[in-house]
Amino acid sequence: MSQDLFDVRQYQGESLRDYLNRFGAQMVRSPVEDEEMLVYAFKKGVLPGPFCEALIRAHPATFAEVRRLAVAHIADESEVTEKRGSVAPARPRAHTRIQPQRVLETAAAKKNQSTRHPYDPKENKGRGPGRPREFNRPPRYKFSWGWRI
């Protein structure tokens, strides 16, 4: 039955070779005379991707043309897979890492601990003991209300 051919679809992650074999096996079980229907059923079952795009661009009229395109694409796929597998390995990391010498460590060790840093809080010079700086400032704004109640 021709409906069985339309039920054959390429699974996610399935190679084109496996799909072509399953489709061919189904063709043997249910022989169909119409080449156009075979081509349409095969196109409908293929997952979207580079082969599907090539199939659409080629406009094959017979299933023999579809098979030829599929075999060429399978050969290209296997070549790309081999190429990906033979990619040069990443540069090995050195087992012994050389730690950079810290030049400033010796200078920091020599530095006197009583030296003030710019980020240290300033002391309350001339303000008296325990009085924060804000209380020694004059008020910023002097409000005067011109109206009386």
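The structure under discussion appears in the preceding block.
Here's a quick rundown of the structure. In this text the structure is predicted, and so the values were computed from the model without any measurement. (Residues numbered from 1 in each chain as written. Predicted model: local features only at pLDDT ≥ 70, side-chain atom pairs only at ≥ 80, totals over all residues. Heavy atoms only, no water.)

Formed by 20 residues in total, the largest nonpolar core has its most connected members in Tyr 19, Phe 23, Phe 42, Phe 51 and Phe 63. Among the secondary structure elements, those contributing two or more residues to this core are helix H1 (2-7), helix H2 (16-29), helix H3 (35-45), helix H4 (50-58) and helix H5 (63-85). When residues in this core are grouped by element, the largest group, 5 residues, is from H2. (Core = buried A, V, L, I, M, F, W, Y, C linked by side-chain atoms within 4.5 Å. Buried < 20%, exposed > 50% of the residue type's maximum accessible area, 1.4 Å probe, protein only. Helix = DSSP H or I, 4+ residues; strand = E, 2+ residues; numbered from the N terminus.)

Next up on the list: the packing of H3 against H5. Two measures define how a pair of helices packs: the angle their axes make with one another and the distance between the axes. In contact at an axis separation of 8 Å, H3 and H5 are set at 35° when each is read in the N-to-C sense. Judged by residue contacts, Glu 35, Leu 38, Val 39 and Phe 42 of H3 engage Phe 63, Ala 64 and Val 66 from H5. Class assignment for the residues of the contact of H3 with H5 results in 6 nonpolar, no polar and 1 charged. (Axes fitted to C-alpha atoms, helices over the stretch in contact; angles between N-to-C directions. Contact = heavy atoms within 4.5 Å. Nonpolar A, V, L, I, M, F, W, Y, C, P; charged D, E, K, R; others polar.)

This part covers the side chain of Glu 14. Examined against the element boundaries, Glu 14 turns out to sit in the loop between H1 and H2. Among the polar contacts made by the side chain of Glu 14, one reaches the main-chain amide nitrogen of Tyr 11 at a distance of 2.9 Å. Residue contacts for Glu 14: discarding those within four places in its chain leaves Arg 9, Tyr 19 and Arg 22. (Polar contact = N/O pair within 3.5 Å; in protein donor to acceptor, adjacent residues only side chain to side chain.)

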